[in-house]
Amino acid sequence: MTIRFPTRASTSDQPKSNGKPRPPKYAMLSVAFAIGAIVLFLLASLIDSVQDYSMYILIIGAALLVASWGIYFFVGKPSSKKALPDERENVITVIGCKGCDKREERAFETGDFMFKELGPCAKCSGVSFIKAIYLIPTKKE
Amino acid sequence: MWCYEVVTITQLFDLGGDATSMLFNVIWMVVFFVFILFFNQRMQIITYQRNVEKAVDRLQAMSDKSREDIFKVVKPFNAENADIRASVNNYLEFFTIEPVSLDPFGVLGRLEHILDVRRERSMLFVSQVAPKADKHQKANIEDVIEAATAVNYIYKVIRHYLLLGKKTKSLMIFVQLDMQLPMIMKQAEAYYTAQRTFAAAKPIGDGLGPLVAAKFMVGSPKEAIAEEVVYSQVDVLGRKAYVLKAEGPGGVVGKPGEAVKQLIEKLGGKVNRVIMIDAGLKLEGENTGEVVDGVGAAIGDPGPEKFKIEDACVKYKIPLDAIICKMSLEDALTTMKKEVVESSETVYERVKQAIKERTKEGDTVIVAGIGNTMAVGQ
Ligand SMILES: [Zn+2]
């Protein structure tokens, strides 16, 4: 017995390049079908007045479940596509002085590197330089 | 309508209510067993395949994005209107064949030669696509391209196994792939994030070694030794310390092994101790920035540099100390964390303590800060 499941990439060797998220309406439909199936199952087993048709109700419920499952597997792309790692970082450049204990912090600028001399210090006659550059972790970490 | 149908079916089979329900029970069971017996593996394959497809999509997005980033980084240093797209795409496929190790004699020499040629090709390529960049910028562009190559390679390998699994309908391929995915994705993400750090020329966690070395070297005259390595001779607690690191602030690692060897030879082997500082991989559960002591050549190169240090130290019987700052692969490849910067001070003190405890005044010590010196000057 061979039943061919429609697999997407069997048509081409390249996975589709634009990973569009699964359309939410399909996901909702899938969930709605599953809920409908559960309601039908409950009806069939709990309500006395529909006892006569319980078998049909069960079959319809099963069909809904299968449909829900089918949508889940075969329609659209998976929706849980996390965004790529964030490129915005909170990087701090610490400026110190060789002559005094001045300490200044500012955001990292292109061209900054540790131990880069930044000319005379504003407070004393020493030379100010970049003492450290580091990442301040974002909240989720 | 319902009633109508019910009546028809029962009349059709001419069975009582009990028989109908039994018939449906039997059908139900048959359907159930057919499903379990014939489709369960199919269902498993589909489930695993979906996970892998998700991962491949994500890897492809990363690979595409990192390729775009190369163009962005190279563009300002590029000759007007030059089309670099084709050559960059080509270069991302660049490969290196490891030397044969069936006959291990001289394998490190051969490996070093091949690594040298690779480096030379990489520098040549960067000079072609970014002729206007200076030495340090070129080094950074090299690193950006290397990280993109890593992301691209991971993407291609995972895609290969996905397509192979689909072609052969093999559950084994999907299961193996799916189980390794969390680790693989973590690695790919580390390289991807690393590329952005390189592109912005921020210091990376692996720069800890050079950072500590720079703390000793700052303000002293520097001399070049070996490829892309500089050293200073400084006085530490009355000892003569030769401190070396890769030449910053461009993103290079240099040849610190060659440098240590040359220094030892230059000093006629009269070195009392070699202390190496490097970033080391932490185990899960350990803290980033933990500083630990050990012995041996603390350097994570493919072999040749480590060999040179060990060889030179054995030749002259020089004790070899290692001080390591723990971090994850991701921490090592991406922007230096605050913990690591704080640890660099601890390591600096540890090196001084080691010199104080394990050498006498007037001794000669070599301190080597190993790692990528991106955005760490001296
Ligand atoms: Zn000052």
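Residues numbered from 1 in each chain as written. Chains lettered and ligands numbered in written order. Predicted model: local features only at pLDDT ≥ 70, side-chain atom pairs only at ≥ 80, totals over all residues. Heavy atoms only, no water.

Caption draft 1: Expanded view of the overall build of chain B. Secondary structure summary: chain B contains 11 helices and seven strands in total. Based on the C-alpha atoms only, the size of chain B along its principal axes is roughly 110 × 55 × 45 Å. For chain B, buried positions account for 51% of its 378 residues. About 18600 Å² of surface is accessible on chain B, with carbon and sulfur atoms providing 59% of the total. Separation between the mean location of the 47 positive side-chain charges and that of the 49 negative ones in chain B comes to 3 Å. (Helix = DSSP H or I, 4+ residues; strand = E, 2+ residues; numbered from the N terminus. Buried < 20%, exposed > 50% of the residue type's maximum accessible area, 1.4 Å probe, protein only. Areas by Shrake-Rupley, 256 points an atom, 1.4 Å probe, with all protein chains shown as cover. Lys, Arg positive; Asp, Glu negative; His and termini not counted. Charge placed at Lys NZ, Arg CZ, Asp CG, Glu CD.)

Caption draft 2: Structural context of the packing of aromatic side chains. One pass over the full model with this rule turns up six aromatic pairs over all chains. Arranged with centres 4.1 Å apart and planes meeting at 5°, the rings of B:Y91 and B:F125 form a pair that is stacked. A residue pair is termed long-range when its members are at least 10 positions apart, and B:Y91 in helix α3 (residues 85–91) and B:F125 in helix α4 (residues 107–129) qualify at 34 residues. Accessibility assignment for this pair places B:Y91 and B:F125 in one class, buried. Positioned above the aromatic ring of A:F129, the side-chain terminus of A:K98 is 5.6 Å from the ring centre. (Phe/Tyr/Trp six-rings, centres within 6.5 Å; stacked < 30°, edge-to-face > 60°. Lys NZ or Arg CZ within 6 Å of the ring centre and 35° of its normal.)

Caption draft 3: Structural context of the domain arrangement of chain B. Domain annotation for chain B reports domain 1 (9–38), domain 2 (40–199) and domain 3 (205–369). For domain 1 of chain B and domain 2 of chain B, the distance between their C-alpha centroids amounts to 57 Å. (Domains from an automatic or database assignment.)

Caption draft 4: Structural view of the nonpolar core. Residue and element names in this part refer to chain B. Ranked by size, the top nonpolar core spans 43 residues in total, and within it L208, V243, V347 and V351 carry the most contacts. Dropping the residues within four chain positions of it, V351 is found in contact with F216, I275, I277, I323 and V367. Listed in part, the 26 residues of the second largest apolar core include I70, V73, L92 and I204. (Core = buried A, V, L, I, M, F, W, Y, C linked by side-chain atoms within 4.5 Å. Contact = heavy atoms within 4.5 Å.)

Caption draft 5: Region of interest: the coordination of the zinc ion. All names here are of chain A. Protein ligation of the zinc ion involves C97 (SG), C100 (SG), C121 (SG) and C124 (SG), the donor distances falling in the range 2.2 to 2.4 Å. For the zinc ion, the four donor atoms are set out with angles of 100 to 119° between them, so the coordination reads as tetrahedral. Within one chain, the residues donating to the zinc ion are spaced in sequence as C-x2-C-x20-C-x2-C. Placement of C100 in the loop between β1 (90–97) and β2 (103–107) and of C121 in the loop between β3 (117–120) and β4 (127–136) is noted, with a sequence separation of 21 residues between them. Residue classification places C121 among the buried positions, given a relative accessible area of 7%. (Donors = N, O, S within 2.8 Å, 3.2 Å for Na, K, Ca; no water. Tetrahedral: all angles 85-135°; square planar, octahedral: opposite > 155°, others 65-115°.)

Caption draft 6: Here's a closer look at the pairing of β4(A). Residue and element names in this part refer to chain A. Among the 10 residues that make up β4, seven are buried, leaving the element largely enclosed by the rest of the structure. Note: β1 against β4, eight bridges, orientation antiparallel. Bridging from a neighbouring strand, T93 pairs with I133 of β4. One ladder, built from two bridges, connects β3 with β4; its direction is antiparallel. Note that in β4 the partner of E117 across the bridge is F129. (Pairing = 2+ DSSP bridges.)

Caption draft 7: A look at the sheet that holds β1(A). All names here are of chain A. Here four strands make up an open sheet; going across it, the order is β2-β1-β4-β3 and the pairing antiparallel. A single partner strand is all that each edge strand has here, and the edge strands are β2 and β3. Neighbouring strand axes in the sheet, compared pairwise and without regard to direction, differ in orientation by 30° on average. One ladder, built from five bridges, connects β1 with β2; its direction is antiparallel. Each bridged residue has a counterpart across the sheet, and for T93 the counterpart in β2 is R106. (Axes fitted to C-alpha atoms, helices over the stretch in contact; angles between N-to-C directions.)

Caption draft 8: Examining the sheet that holds strand β1 (residues 223–225) of chain B more closely. Residues and elements named next belong to chain B. Strands sit in the order β1-β2-β3-β7-β4-β6-β5 across an open sheet of seven strands; the sheet is mixed. Two strands in the sheet have a free side with no partner beyond their single neighbour: β1 and β5 (291–295). Between one strand axis and the next, the sheet turns through 30° on average, direction left out of account. In the packing of helix α11 (residues 338–358) onto the sheet, the strands contacted are β2 (229–236), β3 (239–246), β4 (273–281), β5, β6 (320–327) and β7 (364–369), and the crossing angle to β5 comes to about 40°.

Caption draft 9: Structural view of helix α8 (residues 256–266) of chain B. When we look at burial in α8(B), the residues that qualify are B:P256, B:G257, B:E258, B:A259, B:V260, B:L263 and B:I264. For α8(B), the elements touching its buried residues are β1, β2, β3, β4, α9 (304–315) and β7 of chain B.

Caption draft 10: Expanded view of the confidence of the model for chain A. Mean pLDDT over chain A: 73, with 70% of residues reaching 70 or higher. This stretch, residues 1–21 of chain A, has a pLDDT under 50; its non-local contacts, to residues over four places away or in other chains, come to 30 contacts. (pLDDT = per-residue confidence, 0-100.)

Caption draft 11: Representation of the side chain of B:Q195 in the model. Within the secondary structure layout, B:Q195 lies in helix α6 (residues 171–199). Contacts of B:Q195, omitting those with residues within four sequence positions, involve B:S66, B:D69, B:I70, B:V144, B:A147 and B:A148.

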